[in-house]
Amino acid sequence: MKILFEQKKPGRKSAGIKPIAIELDSCPTTVGELIASTVRSLVSAFNCRAAKATADIDADNDTATRLWDEEISNLAETGRVAFGIVYNEREEDPEKAVANALLSYDDGLFRIFINGIDAGEAANPVRLNESDLVTVVRLTMLSGRMW
């Protein structure tokens, strides 16, 4: 199942929201299952990217780390020019990431909206269709003076 996630596009000039497609293995029935399957998909993509970046660094040719003018201008639009180096040398454990994400959701550190409607608690049922828009909003704590 393919769903669309709204992701903040970083950058000062054109900071906006850009939907990205994420492929899920199965159709989740609860909000908790949605979080778990999404985190597993993203951790798997990260581990593949990290393995590929490590293989590129180990290559003998220069072209693995050379950026061309077009790539630099594309990266500059997002606000960050990087070589794609993943500094974490170990693979991330998907189950630890899922447990962390579920705990963070229960603690209220982020909220999920499906097609603009709050998904509610982790045990709430959810009905997703192909290409539904899922928005994750990270809630930040405001710091200030205590009275």
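Asker: Break down the side chain of Arg111 for me, citing the residues and quoting the values.
Answerer: Turning to its location among the elements, Arg111 is positioned in strand S3 (residues 110–114). A distance of 3.1 Å separates polar atoms of two side chains, one belonging to Arg111 and the other to Asp118. Setting aside chain neighbours within four positions, we find Arg111 in contact with Tyr105, Asp118, Gly120, Thr135, Val136, Val137 and Leu139.

Asker: Tell me what's going on with the pattern of salt bridges, and back it up with residues and numbers.
Answerer: Scanning the entire structure with this criterion turns up 2 salt bridges. Across the salt bridge formed by Glu95 and Arg40, the nearest N and O atoms sit 3.1 Å from each other. Of this pair, Glu95 sits in helix H3 (residues 94–106) while Arg40 sits in helix H1 (residues 31–58), and the two are 55 residues apart along the sequence. We classify Arg40 as partly exposed; its relative accessible area is 36%. With a closest N to O distance of 3.1 Å, Arg111 and Asp118 form a salt bridge. For Asp118, a relative accessible area of 40% corresponds to the partly exposed category.

Rules and cut-offs
- Along each chain, numbering runs from 1 in the same order as the chain's sequence is written.
- A pLDDT threshold of at least 70 governs which residues receive local features in this predicted model, and a stricter bar of 80 or more applies before side-chain atom pairs are shown or counted, although totals over entire chains, interfaces and linings include all residues.
- Excluding hydrogens and water, the side-chain values take into account all heavy atoms of the structure.
- In this text, helices come from DSSP runs of H or I with a minimum length of four residues, and strands from runs of E with a minimum of two, each type numbered from the N-terminal end.
- Here a polar contact is taken to be a pair of N or O atoms separated by no more than 3.5 Å, where protein atoms must pair a possible hydrogen donor with a possible acceptor and residues adjacent in sequence count only if both atoms sit in side chains.
- We call two residues in contact whenever any of their non-hydrogen atoms come within 4.5 Å of each other.
- Just to be clear on terms, a salt bridge is a Lys or Arg side-chain nitrogen sitting within 4 Å of an Asp or Glu carboxyl oxygen.
- The buried label goes to any residue with under 20% of its type's maximum accessible area, the exposed label to any with over 50%, and the partly exposed label to all in between, with areas taken from a 1.4 Å probe on protein chains only.

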